[in-house]
Amino acid sequence: MAATTAVPVRTGPATKGNGLLLLGVLGGMFLAMLDQTIVGTALPRITADFGGAGLYTWVVTAYLLTSTVTVPLYGRLSDAYGRKPLLLIGIVVFLLGSVLCGLAQNMGQLIAFRGVQGLGAGALLPLSLALVADLFPPDRSGRVQGAIGAVMAGSYIAGPFLGGFFTDHASWRWAFFVNIPIGAVLLLIIVSRLPRVPGTGGSRPDYAGIAVFTVAISALLLGLTEKGLDGHTWTSAPVIGPLVAAAVLLGVFVLVESRAEQPIIPLHLFRNPTYTIVNITSFFTASCLFAGAVFLPRFFQQAQGQTATSSGLHIYPLMLGMVTGSILTGMLISKTRRYKPWLLAAPFLIIAGALLCSGLAVDTPTWSLVAWMALIGLGIGPMLSGLTVAIQYSVPPSYIGTASANLTFFRQIGGSVALAIAGTAYTSVVGDQAAGHATMAQAHAAAAATVIPWLAVAGAVVALVALVFLPGRVVPALAAGRVAAAD
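In every chain, residue numbers begin from 1 and rise along the written sequence. Per-residue local features are limited, in this predicted model, to residues with pLDDT of at least 70; the limit for side-chain atom pairs, both in listing and counting, is 80 or more; totals at the level of whole chains, interfaces and linings are taken over all residues. Where side-chain values are given, they derive from all heavy atoms of the structure, hydrogens and water being excluded.

J.: Please clarify how the nonpolar core should be interpreted in this entry.
T.: Side chains of a nonpolar character, in soluble globular proteins, are inclined to be buried together. Met29, Leu87, Val132, Met152, Phe299, Leu318 and Leu360 are the most contacted members of the largest nonpolar core, which has 79 residues in total. Labels follow the DSSP assignment, with helices taken as runs of H or I lasting at least four residues and strands as runs of E lasting at least two, numbered in each case from the N terminus. Broken down by element, this core gets its largest block of residues, 12 residues, from helix α17 (residues 440-468). Grouped together as the second largest cluster of nonpolar side chains are 24 residues, Tyr275, Ile333, Ala390 and Leu470 included. Residues belong to one nonpolar core when they are buried, are Ala, Val, Leu, Ile, Met, Phe, Trp, Tyr or Cys, and are joined through side-chain atoms within 4.5 Å. Each residue's exposure class comes from its accessible area (1.4 Å probe, protein chains only) as a fraction of the maximum for that residue type: buried when under 20%, exposed when over 50%, partly exposed otherwise.

Given below as structure tokens:
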């Protein structure tokens with residue numbers, strides 16, 4: 001049965017300097033995503049300086065935990081109280097965390113300060129996506145979304161290289177200090193250029209929902225992190241305990257939200273098939289993204305013996321493919337006013353590239369790797385721009401912040417689940433290969449040739465099935481319409 005859903009119809013600011021404003025808005029997204037990748041290549045040196053190898057994972061988990069939990073909160077609060085103040089708060093908190101991380105003197109301090117960073121980072125990505133929808137006219141939406149995808153992929157290009165470069169040639173502390181000048185420029189642009197648009201207002205925040213949601217997602221991520229540690233199985237108490245607690249608390253959260261006057265995750269939005277399908281797709285395509293962005297650098301370093309800096313450079317074909325795929329999809333959406341055909345084509349490219357990666361070996365020719373990575377990247381790119389367009393035009397304007405935040409949230413949770421499962425499989429293959437008298441380089445190559453294909457293919461296949469059911473209508477705002485029928 002068709003339901004009528006108001007679609008955002010925006011004209012964007014008619015002022016000069018929109019390019020600078022777009023730079024400021026997308027710069028916040030770049031900062032958040034850069035920090036997810038730049039620190040990874042610096043962590044081995046940090047561990048060597050501070051000791052505490054057993055706390056290695058928690059440097060990543062602390063950031064992931066606080067940034068993931070706060071993403072939906074920032075999105076919903078920005079709908080109610082306006083984007084500008086919340087974005088400024090997020091950037092300031094993020095920069096404070098960056099300074100503290102750069103000054104940390106031990107692993108305990110670094111983990112705590114990474115948590116502070118994450119509290120700010122939770123605002124940067126979803127509010128950037130929402131502001132693009134607010135500020136730029138519909139006839140430019142597809143192209144701007146292509147730029148968003150390019151920024152996402154660009155952060156993955158710059159992060160590993162800069163992290164390796166600072167670690168090899170300066171100090172790992174610059175992996176955090178580099179955020180300061182970038183963030184200062186962004187603050188200046190946002191304060192001077194970003195208009196203050198009030199939100200929809202409403203009743204007091206959903207404190208009960210915030211509390212239950214925070215504990216539930218914290219338990220989920222803690223359980224998944226413990227699963228990634230050596231020696232822990234799915235039935236180990238540190239794994240199964242938090243996961244069961246998370247499942248119970250998420251059930252409680254649904255009950256709380258169904259009664260809340262202003263819920264942080266409005267459940268009624270999931271009655272919209274486009275909204276639901278896009279979030280499912282975002283969850284599963286995260287495994288495709290992480291298969292390439294996490295395990296390919298590991299292959300280059302541990303199977304081919306490359307340095308951190310070199311591995312960051314060798315993954316460029318994947319990232320450039322993502323940039324190209326994202327920008328091309330944005331242009332095609334603007335031209336055709338449809339997103340479904342381009343989203344449907346993307347999983348086939350991912351599957352083709354991932355299956356070819358089953359041939360990974362220590363001596364795989366460079367040009368073969370370039371082609372395989374480019375295919376995967378071309379498939380992932382549309383998922384960065386096309387899904388954003390689809391979800392933002394499936395909800396009323398008053399929920400754009402919430403929709404953008406939930407898209408980010410499901411991608412991050414999907415990536416965490418994928419890494420917990422794939423990390424175990426990778427370790428298992430390495431152990432089996434080593435026991436069979438393979439060299440460690442050969443063992444890591446075999447693990448990459450196993451994990452990358454099945455992780456990316458599984459995510460792409462589920463995403464493809466979901467996208468088949470995505471309503472294939474014209475984007476009404478891009479077609480100068482004001483109301484769309486949600487199938």
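J.: Can you help me understand a nonpolar patch on the surface in this one?
T.: Together, Ile240, Val244, Val248 and Val252 make up a nonpolar patch on the protein surface, roughly 300 Å² of accessible area in all. Along the chain, valine 252 falls in helix α10 (residues 237-259). Patches here are clusters of residues that have more than 30% relative accessible area and form no salt bridge, with a 9 Å joining cutoff for like charges and a 5 Å cutoff for nonpolar side chains (Val, Leu, Ile, Met, Phe, Trp, Tyr). Only the protein chains shown count as cover for residues, and all accessible areas are computed by the Shrake-Rupley method using a 1.4 Å probe. Salt bridge, as used here, is a side-chain nitrogen of Lys or Arg placed within 4 Å of a carboxyl oxygen of Asp or Glu.

J.: How should I be thinking about the packing of aromatic side chains in this particular structure?
T.: Two aromatic rings are characterised by how far apart their centres lie and by the angle between their planes. Between rings of Phe, Tyr and Trp, where Trp is taken as its six-membered ring, a pair exists when centres lie within 6.5 Å; planes separated by under 30 degrees are stacked, by over 60 edge-to-face, and by other angles tilted. The tally for this structure, following the rule as stated, stands at 12 aromatic pairs. Relative to phenylalanine 284, the ring of phenylalanine 283 lies with its centre 5.0 Å away and its plane at 75 degrees, an arrangement referred to as edge-to-face. On the basis of relative accessibility, which here comes to 22%, the residue phenylalanine 283 falls in the partly exposed class. Judged by its relative accessible area of 30%, phenylalanine 284 falls in the partly exposed class. Chaining the aromatic ring pairs together yields one cluster made of Phe213, Phe253, Phe270, Tyr275, Phe409 and Phe410.

J.: Any chance you could explain the pattern of salt bridges here in plain terms?
T.: Once their charged atoms are close, side chains differing in charge can pair, the charge on each being opposite to the other. For the coordinates displayed, the defined rule picks out 3 salt bridges. Among the salt bridges present, the one from arginine 76 reaches aspartate 79, with a minimum N-O distance of 3.7 Å. Linking arginine 76 with aspartate 79, this pair stays in helix α3 (residues 56-81), spanning 3 residues, or about one helical turn. Among the charged side chains, a salt-bridge network with shared partners connects Arg76, Asp79 and Arg83.

J.: Help me understand the environment of glycine 27 in this model?
T.: Along the chain, the position of glycine 27 falls in helix α1 (residues 18-38). Judged by its relative accessible area of 12%, glycine 27 falls in the buried class. Sequence spacing of glycine 27 and leucine 125 is 98 residues, and the spatial spacing of their C-alpha atoms is 9.5 Å.

J.: What am I meant to see in helix α14 (residues 340-356) here?
T.: The α-helix advances 3.6 residues per turn, and as a result positions three or four apart in sequence lie on the same side. Under the convention used throughout, the expected extent of a helix is 1.5 Å for every residue step, that is, one less than its residue count. Taking 1.5 Å per residue as the helical rise, α14 with its 17 residues ought to reach 24 Å, and the 26 Å between its terminal C-alpha atoms agrees with that figure. Among the residues of α14, Lys340, Leu343, Ala346, Pro347, Ile350, Ile351, Gly353 and Ala354 are the ones counted as buried. Those residues of α14 that are buried are in contact with α11 (273-302), α15 (366-392) and α17. Any two residues whose heavy atoms approach within 4.5 Å at even a single point are treated as in contact.

J.: Where do I start with α10 in this structure?
T.: A rise of 1.5 Å per residue sets the reference length of α10, with its 23 residues, at 33 Å; its end C-alpha atoms lie 33 Å apart and thus fit the reference within 8%. Every buried residue of α10 is listed here: Val239, Pro242, Leu243, Ala246, Phe253 and Glu257. Turning to α10, the residues buried within the fold contact α9 (207-227).

J.: Sorry, what's going on with the packing of helix α16 (residues 400-435) against α17 here?
T.: The description of two helices packed together rests on the angle between their axes and the distance between the axes. Helix axes are fitted only over the stretch in contact, all axes being lines through C-alpha atoms; the angle between N-to-C directions runs from 0 to 180 degrees. Running from N to C, α16 and α17 cross one another at 145 degrees; their axes reach a closest spacing of 8 Å. For α16 against α17, the interelement crossing comes out right-handed. Here Ala418, Ile421, Ala422, Ala425, Tyr426, Val429, Val430, Gln433 and Ala434 of α16 lie close against α17, whose contacting residues are Met440, Ala443, His444, Ala446, Ala447, Ala448, Thr450, Val451, Trp454 and Leu455. Each crossing gets its hand from how the near helix is turned against the far one by less than a right angle, where anticlockwise is left-handed and clockwise is right-handed.

J.: Before we go on, may I ask you to explain unusual backbone geometry in this structure?
T.: Glycine aside, residues mostly have negative phi, and peptide bonds are mostly found in the trans state. Unlike most non-glycine residues, arginine 337 shows phi in positive territory, near 60 degrees. The residue arginine 337 is located in the loop between α13 (316-336) and α14 in this model.

Without other data, these values stay purely geometric and don't point to any function.
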